[in-house]
Amino acid sequence: MKYLVFSDSHGETKLMHNIVKNACLDDSPPEGIIFLGDCLNDIQKIQRDFPNFTYHIVAGNCDFMSPAPVEKLLDFDNTKILITHGHRYGVKSGHDRILTAALQMGADAAFFGHSHIPIILQKNSITLLNPGSITEPRGGQARESYAVVEIIGGKILPRIIEV
């Protein structure tokens, strides 16, 4: 099982569109896309252009009045992943709160955005993933980024891709 993970597009879809288009041509295309918030209009454009993917979407702090949930617990063959934008867990100040939430929910991983800084960390058996921002890199990142996540035999294998 393979997913593309995007966050923090903030009104720009061109790069995300090209990434998804190229992924469709891959020998092993992804099953779906996870969007971690901040400009749901952007992912809705992608959904219109690529309707055959499975989409998992949460709202971010810039998605005012959105009907989308602020977090979800996904279950991929007994591999549980908390997805959230991260602003409600203070991820710009550290990862303790999101880690605690993931542990309390019985999650194997927590995927979040908000800080625009890509990370992959393993803490207390929980995989923490922030794909960074697809349009506005921060934290010394010179390039936009997203993640590709594969789940194989219950193992979560994330990779951050800079574009």
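All values derive from a computational prediction rather than experimental measurement.

Definitions and limits used
Residues numbered from 1 in each chain as written. Predicted model: local features only at pLDDT ≥ 70, side-chain atom pairs only at ≥ 80, totals over all residues. Heavy atoms only, no water. Helix = DSSP H or I, 4+ residues; strand = E, 2+ residues; numbered from the N terminus. Rg over C-alpha atoms; globule rule 2.2 N^0.38 Å. Buried < 20%, exposed > 50% of the residue type's maximum accessible area, 1.4 Å probe, protein only. Contact = heavy atoms within 4.5 Å. Areas by Shrake-Rupley, 256 points an atom, 1.4 Å probe, with all protein chains shown as cover. Polar contact = N/O pair within 3.5 Å; in protein donor to acceptor, adjacent residues only side chain to side chain.

Q: Break down the overall build of the protein chain for me, citing the residues and quoting the values.
A: Per the secondary structure count, the protein chain includes three helices and 10 strands. Along the protein chain, helices and strands appear, N-terminal first, in the series β-α-β-α-β-β-β-α-β-β-β-β-β. For 163 residues, the compact-globule formula gives about 15 Å, and the C-alpha radius of gyration of the protein chain, at 14 Å, lands near that figure. Looking at the protein chain as a whole, 49% of its 163 residues qualify as buried. The contacts in the protein chain between residues at least 6 apart in sequence include a share of 53% that link residues at least 24 apart. By element, 48% of the accessible surface of the protein chain is carried by carbon and sulfur atoms, the whole surface being about 7,800 Å².

Q: Could you give an account of the side chain of Ser 145, naming the residues involved and the relevant values?
A: For Ser 145, the position within the fold is in strand β9 (residues 145-152). At 2.7 Å, the side chain of Ser 145 and the backbone oxygen of Pro 131 are in polar contact. Excluding residues within four positions of it along the chain, Ser 145 makes contact with Pro 118, Pro 131, Gly 132, Ser 133, Ile 134, Ile 160, Ile 161 and Glu 162.

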